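# Per-entry structural report
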Amino acid sequence: DAKTTQPNSMESNEEEPVHLPCNHSTISGTDYIHWYRQLPSQGPEYVIHGLTSNVNNRMASLAIAEDRKSSTLILHRATLRDAAVYYCILKGGADGLTFGKGTHLIIQP
Amino acid sequence: GAVVSQHPSWVICKSGTSVKIECRSLDFQATTMFWYRQFPKQSLMLMATSNEGSKATYEQGVEKDKFLINHASLTLSTLTVTSAHPEDSSFYICSARAAGSGNTGELFFGEGSRLTVL
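Values in this document were obtained by computation on a predicted structure and should not be read as measured data. (Residues numbered from 1 in each chain as written. Chains lettered and ligands numbered in written order. Predicted model: local features only at pLDDT ≥ 70, side-chain atom pairs only at ≥ 80, totals over all residues. Heavy atoms only, no water.)

## Topic: the interface of chain B and chain A
Worth spelling out the cut-off: Should any heavy atoms of two residues lie within 4.5 Å, those residues are considered in contact. In this description, buried area is defined as the sum, over both parts, of the accessible area (probe of 1.4 Å) that is lost when the two are combined. Only one rule defines a salt bridge in this text: a Lys or Arg side-chain nitrogen within 4 Å of an Asp or Glu carboxyl oxygen. Pairs of N or O atoms are called polar contacts if they sit within 3.5 Å, as long as, within protein, a hydrogen donor faces a hydrogen acceptor (for residues adjacent in sequence, only side-chain-to-side-chain pairs). Any residue that is not Ala, Val, Leu, Ile, Met, Phe, Trp, Tyr, Cys, Pro, Asp, Glu, Lys or Arg is counted as polar, Gly included; the first ten are nonpolar and the last four charged.
Taken together, the contact between chain B and chain A spans 18 residues of the former and 21 residues of the latter. For the pairing of chain B and chain A, the buried interface totals around 1,500 Å² over both sides, and the portion due to carbon and sulfur atoms is 57%. Where chain B packs against chain A, one counts zero salt bridges. The interface formed by chain B and chain A contains five residue pairs in polar contact (both at pLDDT 80 or more). Looking at side-chain class alone, the side of chain B that touches chain A contains eight nonpolar, six polar and four charged residues.

## Some remarks on the pattern of salt bridges
Two side chains carrying opposite charge are able to pair once their charged atoms lie near each other. All names here are of chain A. Rule in force here: Where helices and strands are cited, they refer to DSSP runs of H or I of at least four residues and of E of at least two residues respectively, numbered from the N terminus. Remark: exposure states derive from per-residue accessible area (1.4 Å probe, protein chains only) relative to the maximum for the residue type, with buried under 20%, exposed over 50%, and partly exposed in between.
Evaluated as defined, the whole model comprises five salt bridges over all chains. With a closest N to O distance of 3.7 Å, Glu 15 and Arg 77 form a salt bridge. In this pair, Glu 15 sits in the loop between strand S1 (9-13) and strand S2 (18-23) while Arg 77 sits in the loop between strand S7 (70-75) and strand S8 (84-91), placing the two residues 62 residues apart along the sequence. For Arg 37, the salt bridge goes to Asp 82, with nearest N and O atoms at 2.8 Å. Placement of Arg 37 in strand S3 (residues 32-38) and of Asp 82 in the loop between S7 and S8 is noted, with a sequence separation of 45 residues between them. Of the residues examined, Arg 37 reaches a relative accessible area of 11% and is grouped as buried. The buried category is assigned to Asp 82, whose relative accessible area is 12%.

## Observations regarding the nonpolar core
Put simply, the rule is: In this text, buried Ala, Val, Leu, Ile, Met, Phe, Trp, Tyr and Cys residues form a nonpolar core when linked through side-chain atoms within 4.5 Å.
Counting 26 residues, the largest nonpolar core has Val 4, Phe 28, Trp 35, Phe 67, Leu 79, Tyr 92 and Leu 115 of chain B as its most contacted members. Elements with a minimum of two residues in this core: strand S2 (10-13), strand S3 (19-25), strand S4 (30-38), strand S5 (45-51), strand S7 (67-73), strand S8 (76-81), strand S9 (90-98) and strand S11 (113-117) of chain B. For this core, the element with the most residues is S9 of chain B, which contributes four residues. Excluding its chain neighbours within four sequence positions, the residues that come into contact with Phe 67 of chain B are Arg 37, Met 47, Tyr 58, Val 62, Leu 79, Thr 80, Val 81, Asp 88 and Tyr 92 of chain B. Counting 20 residues, the second-largest nonpolar core is a separate cluster that includes Val 18, Ala 60, Leu 73 and Leu 105 of chain A.

## A short note on the sheet that holds S8 of chain B
Residues and elements named next belong to chain B. We count it as follows: Strand pairing is assigned whenever DSSP detects at least two bridges linking the two strands. Angles here are taken between N-to-C directions and fall from 0 to 180 degrees, while the axes themselves are lines fitted to C-alpha atoms, restricted in helices to the stretch in contact.
On the basis of which strands lie adjacent, the open sheet formed by four strands has the order S1-S3-S8-S7 and antiparallel pairing. Where the open sheet ends on each side, the last strands, each with one partner, are strand S1 (4-7) and S7. Adjacent strand axes in the sheet meet at a mean angle of 15° when their direction is disregarded. In terms of strand pairing, S1 meets S3 through four bridges, oriented antiparallel. For Ser 5, the partnering residue across the bridge sits in S3 and is Arg 24.

## Notes on the pairing of S3 of chain B
All names here are of chain B. Burial of S3 is one-sided: the residues Val 19, Ile 21, Cys 23 and Ser 25 facing one way are buried, the residues Lys 20, Glu 22 and Arg 24 facing the other way are not. Judged from the six bridges that link them, S3 and S8 form a sheet pairing that is antiparallel. Within S8, the residue paired with Val 19 across the bridge is Val 81.

## Remarks on the packing of aromatic side chains
Applied cut-off: Working definition: a ring pair exists when centres of Phe, Tyr or Trp rings (six-membered ring for Trp) sit within 6.5 Å. Plane angles under 30 degrees give stacked, over 60 give edge-to-face, the rest tilted.
On inspection of all chains with the given rule, the structure shows nine aromatic pairs over all chains. Ring pairs connect the aromatic residues Tyr 36, Tyr 46, Tyr 87 and Phe 99 of chain A together with Tyr 36 and Phe 109 of chain B, which therefore count as one cluster.

Structure representation (structure tokens):
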């Protein structure tokens, strides 16, 4: 699987937008960009995924660069419950997800 | 959204005993289930992939005779840690892909099972 690079940690204030970056310069044409998050002592939770176009859902937005070598997960208004480890993962086939270290998002009240 | 449930949520056992962890898809059929292991302060590591009705495929370095996986139905997969030892203490997490969702669709994760071997 192609590799992704994310900052180890980020900090934001409650009720402000958060932009979580992910670099994936070796992405292949068939790889989907997935984002999952994991709260402490819980299993991961699906956030969003996309291929080429920007995507929106009730949890977040995903902005994908035109060359697809990077993407940004956008939480429009962070709450304390959004504090988690966020994983950016490329998925091109039937295999399971390969998790990197992710970004530890800290939300300050 | 789709729900995946694991049982037990936590278990403590003595060294040398076997422990079974169940993973159920509650409101959908899962043709494929994945088992992960997560040690403290580390990321998830894929252990094996199981398809309903066939043998599991194990990742390199995972002992198939120690971690027995059974996926006998479209809603249930089990992971049995045989002859558990303290180094097997970990957070075990399953995930499932819904039938018909395609290979690149979202996966649904269970809440995890924390195993402590004394």
